[in-house]
Amino acid sequence: MRFPSEPFKIKVVEPIRRTTREERERLLQEAGYNLFQVSAASVYVDLLTDSGTSAMSDDQWAGMMLGNESYAGSKNYYHFEEAVRSIFGYRHVIPTHQGRMAENLLFSTVVKAGMCVPNNIHFDTTRANIEHQHAEALDLVIKEAYDPQCELPFKGNMDLVRLEDVINRVGPARIPLAMVTITNNSAGGQPVSMDNIRRTRALLNRYGIPLFFDACRFAENCFFIKEREPGYTDTPMPEIARELFGYGDGCTMSAKKDGLVNIGGFLSLNRDQWAQDITNMLILVEGFPTYGGLAGRDLEAMARGLREVLDEDYLRFRIGQVRYLGELLNNAGVPILKPIGGHAVYLNAKEFVPHIRRDEFPAQALAVALYREYGIRGVEIGTVMFGKNDTATGRTIYPELEMVRLAIPRRVYTNMQITYVAESIIDLYRDRERIRGLTLTYEAPVLRHFTARFQEAPCATAR
Ligand code: P70
């Protein structure tokens, strides 16, 4: 089957409510046309993020009841440690409440002012945590990653020529580690090939630079390797993961993605000295090393989720469901980023609403229209999130991509709901000329997308 049906049946349901267009119009006005400010109860299909939004399995819920809430040495920590070691293979396992805390602990320990950390593309929290240390976060993905039309099987790959140039330019002493984000969220959930990881490792070895993974969506990346990379068709998923992580020295993880939990993360690594320093910091800011800001039951759910996520039937359905949405849209001529990624479909706003000028936030306008007309919430990944004001000229520096991301929560929506999303977007595309641009009325100095407020520009056709 090209699009496998759900490999689970539903045991618990959460009702979702349809609102009227009038209600949504009012809610949008109150929210300043910012979808982060709309209450989730007024959203019909919520594709804001795949992070922390998974449905847990009965086995995970059963595990929650076996939570042991001792301050030190909970058995759930040992289950979790064993699961992480068996999948990722690193010696030290440090739990955190979510991914960005793992990043913060790692970078505050090993990154010093004036250093730099290369990555394929840093997610915004990794970038922010590196910059917080007055260091530089460099994006060195292959250039094709920025072309929404270019179809490559591993569009998240690191550009090894640029990586070597950077090492030679800044010197290995100023690069405490390099990272690879699997899958590459910021440019479409695109995977990195095993071959590219192997070569990245070989290159870094020549300069003695450690390699860490941002492993949030590791299982999805491993599934793409199995599907697309020669030599892996018959390799079991856990073996693919072991080989991949074997090329690294450690990883940061937001288990809110491929840990199939609603909260949780970790840091896992081999270096004893780094682990010791990080653990000392963990105790200061997060909690004792056998719970790291989580309850025992959360650790148990994470231990079980990490094993479940490597199940091939699950992954085939998961990647298939995202692809199903993407292909329905693509076949109807809706402009999307290609190839279709692991966790989300990205609408290309530059082509969807070409009549909206860049300074009127085309992707934000598209996301707002999708909510207003159909109650579907995506997230803008474009000028609102990544645009910068050049203080010297007063001009806006626009990011390359202007997208609306439709992130699919894991095991949450049925294929019929996904069909509803596709049909809604296809309808909206037919009516696209009616979508109006936005003007910014408030922005915070950092991470403005969460709290920015907008007004609607006059009707495009009336200009
Ligand atoms: C997402 C969320 C989180 C993330 C990530 C990668 C590759 C680290 C983290 C941080 C964030 C988000 C974006 C828009 C709306 C809501 C949420 N990604 N590395 O959806 O992990 O959140 O656990 O601290 O993608 O992509 P954490």
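Here, every reference points to the structure presented above.
Residues numbered from 1 in each chain as written. Predicted model: local features only at pLDDT ≥ 70, side-chain atom pairs only at ≥ 80, totals over all residues. Heavy atoms only, no water.

(A) Region of the structure containing the pattern of salt bridges. For the coordinates displayed, the defined rule picks out 37 salt bridges. For Arg217, the salt bridge identified is with Asp50, shortest N-O distance 2.9 Å. Of this pair, Arg217 sits in the loop between strand E6 (211-214) and helix H8 (218-228) while Asp50 sits in the loop between strand E1 (45-46) and helix H2 (58-64), and the two are 167 residues apart along the sequence. Like Asp50, Arg217 is buried. (Salt bridge = Lys/Arg side-chain N within 4 Å of Asp/Glu carboxyl O. Helix = DSSP H or I, 4+ residues; strand = E, 2+ residues; numbered from the N terminus. Buried < 20%, exposed > 50% of the residue type's maximum accessible area, 1.4 Å probe, protein only.)

(B) View of the site of the ligand. Taken together, 20 residues lie near the ligand, and Thr49, Arg100, Ser254, Lys257 and Arg405 sit nearest. Contact distances for the ligand include 2.9 Å between an oxygen atom and a side-chain N or O atom of Gln98. One of the side-chain nitrogen or oxygen atoms of Lys257 is found 3.2 Å away from a nitrogen atom of the ligand. The fraction of the free accessible surface of the ligand (570 Å²) that becomes covered by protein chains is 93%. Ranked by residue count, the leading element in the shell around the ligand is helix H4 (residues 99-110), at three residues. Classifying every residue of the shell around the ligand gives four nonpolar, eight polar and eight charged. (Near = heavy atom within 4 Å. Polar contact = N/O pair within 3.5 Å; in protein donor to acceptor, adjacent residues only side chain to side chain. Areas by Shrake-Rupley, 256 points an atom, 1.4 Å probe, with all protein chains shown as cover. Nonpolar A, V, L, I, M, F, W, Y, C, P; charged D, E, K, R; others polar.)

(C) Local environment of empty space enclosed by the protein. What the rule picks out here adds up to one cavity of 30 Å³ or more. As a volume, the largest cavity reaches approximately 80 Å³. Every residue lining the largest cavity is listed: Asn34, Leu35, Phe36, Leu48, Gln364, Ala367, Gly378, Val379, Glu380, Val384, His449 and Phe454. Of all the secondary structure elements, the ones that give two or more residues to the lining of the largest cavity are helix H14 (362-374) and strand E11 (379-381). Looking at side-chain class alone, the lining of the largest cavity contains seven nonpolar, four polar and one charged residues. (1 Å grid on protein atoms, 1.4 Å probe; cavity = no way out; pocket = protein on both sides within 12 Å on 5 of 7 lines; lining within 4 Å. Points joined across faces, edges and corners; volume = space filled by probe spheres on them.)

(D) Quick look at the layout of surface pockets. What the largest pocket holds in volume is close to 1,300 Å³. The wall of the largest pocket is formed by 37 residues, among which Val12, Glu14, Ala55, Arg411 and Val412 lie closest to the centre. Here the lining of the largest pocket is built from residues that sort into 20 nonpolar, seven polar and 10 charged. In this structure, the second largest pocket encloses a volume near 1,100 Å³. If you go around the second largest pocket, you meet 34 residues; those closest to its centre are Arg127, Met385, Phe386, Gly387 and Lys388. If you list the elements that add at least two residues to the lining of the second largest pocket, you get helix H5 (124-131), helix H15 (383-386) and strand E12 (388-389). With four residues, H5 is the single largest residue contributor to the lining of the second largest pocket.

(E) How the structure looks around helix H6 (residues 160-170). When we look at burial in H6, the residues that qualify are Leu163, Val166, Ile167 and Val170. Projection of H6 onto a plane perpendicular to its axis shows the buried side chains occupying an angular sector of 100°, all on one side. Within H6, the exposed residues directed more than 90 degrees away from the buried face are Val161, Asn168 and Arg169. Where H6 is buried, its residues contact strand E3 (116-119), strand E4 (136-139) and helix H7 (194-207). Sitting at the amino-terminal end of H6 is Asp159, which places a side-chain oxygen 3.1 Å from the backbone nitrogen of Val161. Positioned one or two residues after H6, Gly171 has a phi angle of 90°, which is positive. (Arc of directions from axis to C-beta. Contact = heavy atoms within 4.5 Å.)

(F) Looking closely at the side chain of Thr126. Within the secondary structure, Thr126 is located in helix H5. For Thr126, a relative accessible area of 0% puts it in the buried group. A polar contact is formed between the side chain of Thr126 and the backbone oxygen of Phe123, at a distance of 2.7 Å. Setting aside residues no more than four positions away along its own chain, Thr126 makes contact with Glu103, Phe107 and Asp214.

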